[in-house]
Amino acid sequence: MQHRVVVTGAGVISALGHNCGEFWRSLAAGRSGIQPLQAVDRGLLRFPNGAEVQGFDPSRYFDEKEIGLLDRFAQFGVVAAREAIAQSGIQWSEELRESTAIVTGSCVGGQTTEDEGFVNLYRNNIPRVNPLTIPRTMENAAASRISLETGVVGPTYTVSTACSSANHAIGQAFWMVRTGTARAAIAGGSEAVFSLGFLKAWEAMRVVSPDTCRPFSKDRRGLILGEGGAMLMLERLEEARARGAKIFGEIIGFGMSSDAFHITQPSPEGAARAMRSAISDSGLQPEDIGYINAHGTATQANDATETAAIRKVFGVHADRLAVSSTKSMHGHTLGAAGAIEAVATLLSLCNGVLPPTANFTAPDPACDLDVIPNQVRQQQVECALSNSFAFGGLNAVLAFRRAP
Amino acid sequence: MSHAELTERVRGIIATAQHLPQEKVTADSTFEELGIDSLDGINILFAVENEFNINIPDDAAQNIRSVRDVVEGIASLLEGGQGGQAAVRA
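Residues numbered from 1 in each chain as written. Chains lettered and ligands numbered in written order. Predicted model: local features only at pLDDT ≥ 70, side-chain atom pairs only at ≥ 80, totals over all residues.

Caption draft 1: Seen up close, the overall build of chain B. Across its full length, chain B holds four helices and zero strands. Helices and strands appear in chain B in the N-to-C order α-α-α-α. Taking all 90 residues of chain B together, 23% fall into the buried category. In chain B, of all internal contacts separated by at least 6 residues, the share reaching a separation of at least 24 is 57%. (Helix = DSSP H or I, 4+ residues; strand = E, 2+ residues; numbered from the N terminus. Buried ≥ 20, exposed ≤ 12 C-beta atoms within 10 Å, placed from the backbone. Contact = placed C-beta atoms within 7 Å.)

If you want it as structure tokens, here you go:
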């Protein structure tokens, strides 16, 4: 028997604030969280800006011992999970704990911790590395901490597929709840990218914008890196209804594909296959989709390729779709991107408001979609997609429906 | 360094980076002819930056599509004295 899967709680921490309320207020105002970088010496980088979580004080969320065990990326994951769980109002029983899953995504795990440890080793000639480095850096650190805190002991794991990690994680959790493998799931992703070593590696890729993130604009100059985390509480529709939970929306489809084309260049065929697969999994037709939260990184290659892929899938309906990239406001959070954008998509369906593509300056004929430039739109959409396309050619797309 | 010397060094860097015999990489070769894609391109620029201790700005990098573009780009950076960290903020 298949279950309908609904979202009863959402948590998010990002450059747009520390919770869902702050996140939505920024999105609905089209306000970008991109600012001059604080975490590292900007003089050592060709790009000065990023989307950092502002004013994050771990001691507000964790005691000192916990802080010692948790890298920033894991802290974001746990903070987001606590918000999602609290919002859902779910009451844990032993049976429910045994049948709930936790699936998280992260691209680079605790690389901030790793970077600090290696600076000490290689530059400061300190011959010892902190023994907590291993538990802090492992990519499943957030999933494991959420399990420890909640006592959830069902299927718990972490997916790492670069920028698609969180969509793959949420999609897997969705399928587990739909098929009955799990009764409920906590799913999402988290990432903390702002260490000098990692930023220098992005600089060398030559895809980071020297100013801001302008998805689909003719003069876009690349992505802006962001950090944060987001988690969803997934439950069966009938159980959420039975306990009178507030329902944010429904997850109705998940599609994945691999480009098998190039390690970093995107392919419209691969992206199109993932979107088609998500629509098919949802039982809908392309014409039923009203909004796409795009991958929209603002690199030259992604935005033109994503536009071509959307045209392949939707044909003439592509001109009736609204598409926006909220990365223009919260940055590209890599392994957390799909989760943060899932929350953005669910809140859009909930509130009847579509967030804009911020920082938009001039249309690009290669990106000739309705990208909701700069101004928020009051529009109630029934069904939406959220796209994630990763380096390595791995694509993951989620389909959502407004709360039943 | 003469223009000819610079061209020879660039041919060598590209041949090494692309695992090509150096005679295949001529002063007139385009990246397309040599099968150099965008990822190969940034890898070559990385090798060039290390070899000459220069920093090639992203905007300049985007327009480099041939051996000649690389040679001319290096020449202008060296003439402008943009070695070391000075060009990082360019």
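Caption draft 2: Up close: the overall build of chain A. Scanning chain A from terminus to terminus reveals 14 helices and 14 strands. Over its C-alpha atoms chain A spans a radius of gyration of 20 Å, differing by no more than 12% from the 22 Å that the globule rule assigns to 404 residues. Overall, the C-alpha framework of chain A stretches about 60 × 55 × 40 Å when taken along its three principal axes. Relative to all contacts within chain A whose residues are 6 or more apart in sequence, the contacts with residues 24 or more apart total 80%. (Rg over C-alpha atoms; globule rule 2.2 N^0.38 Å.)

Caption draft 3: Region of the structure containing helix α4 (residues 67–79) of chain B. All names here are of chain B. Here α4 is 13 residues long and its end C-alpha atoms lie 18 Å apart, about the 18 Å a rise of 1.5 Å per residue gives. What α4 keeps buried is the set Val67, Val70, Val71, Gly73, Ile74 and Leu77. On an axial view of α4, the arc spanned by its buried residues comes to 165°, and they lie on one face. Seen from the buried face of α4, the exposed residues on the opposite side, beyond 90 degrees, are Ser76 and Glu79. (Expected span 1.5 Å × (residues − 1). Arc of directions from axis to C-beta.)

Caption draft 4: Examining the nonpolar core more closely. If you look at the biggest cluster of nonpolar residues, it comprises 124 residues, and the most contacted ones within it are A:Ala173, A:Ala185, A:Ile186, A:Leu234 and A:Val343. In this structure, this core is formed jointly by two domains, domain 1 (5–242) and domain 2 (254–393) of chain A, each of which donates at least three residues. Leave out the neighbours within four places in its chain, and A:Ile186 touches A:Ala81, A:Ala84, A:Ile85, A:Thr100, A:Ile102, A:Ile146, A:Val152, A:Met231 and A:Met233. Among the nonpolar cores identified, the runner-up in size contains 17 residues, and B:Leu45, B:Ile56, B:Val67 and B:Leu77 belong to it. (Core = buried A, V, L, I, M, F, W, Y, C linked by C-beta atoms within 7 Å. Domains from an automatic or database assignment.)

Caption draft 5: Highlighting the confidence of the model for chain B. All names here are of chain B. Put simply, chain B has an average pLDDT of 88, and 89% of its residues get 70 or more. Taking the mean pLDDT of every element in chain B, the minimum, 90, falls on helix α3 (residues 58–62) and the maximum, 96, on helix α1 (residues 3–18). Every residue in residues 83–90 scores below 50 in pLDDT, and together they form twelve contacts with partners more than four places removed in sequence or on other chains. Complex prediction metrics read pTM 0.95 and ipTM 0.82. (pLDDT = per-residue confidence, 0-100.)

Caption draft 6: Summary view of unusual backbone geometry. A positive phi angle is found at A:Phe216, which is not glycine, with a value near 65°. Relative to the helices and strands, A:Phe216 resides in the loop between α9 (196–205) and β7 (228–236). Although it is not a glycine, B:Asn53 sits at a positive phi angle of roughly 50°. Of note, B:Asn53 is situated in the loop between α2 (38–52) and α3. Using a count of 10 C-beta atoms within 10 Å as the deciding quantity, one classes B:Asn53 as exposed.

Caption draft 7: Quick look at the domain arrangement of chain A. Residues and elements named next belong to chain A. Domain boundaries in chain A define domain 1 (5–242) and domain 2 (254–393). Of note, the centres of domain 1 and domain 2, computed from C-alpha atoms alone, are 21 Å apart. Contacts between the two partners involve 63 residues from domain 1 and, on the opposite side, 52 residues from domain 2. Broken down by secondary-structure element, the contributors of at least two residues to the side of domain 1 that touches domain 2 are β1 (5–13), α1 (20–29), α8 (165–179), β6 (184–191) and β7. For the side of domain 1 that touches domain 2, the leading source of residues is α8, giving eight residues. Here the residues of the side of domain 1 that touches domain 2 sort into 31 nonpolar, 25 polar and seven charged. (Nonpolar A, V, L, I, M, F, W, Y, C, P; charged D, E, K, R; others polar.)

Caption draft 8: View of the interface of chain B and chain A. On the chain A side, the residues contacting the eight residues of chain B number eight residues. Put simply, the parts of the chain that give the side of chain B that touches chain A at least two residues each are α2 and α3 of chain B. With four residues, the single largest contributor to the side of chain B that touches chain A is α2(B). Its residues placed into classes, the side of chain B that touches chain A shows five nonpolar, one polar and two charged.

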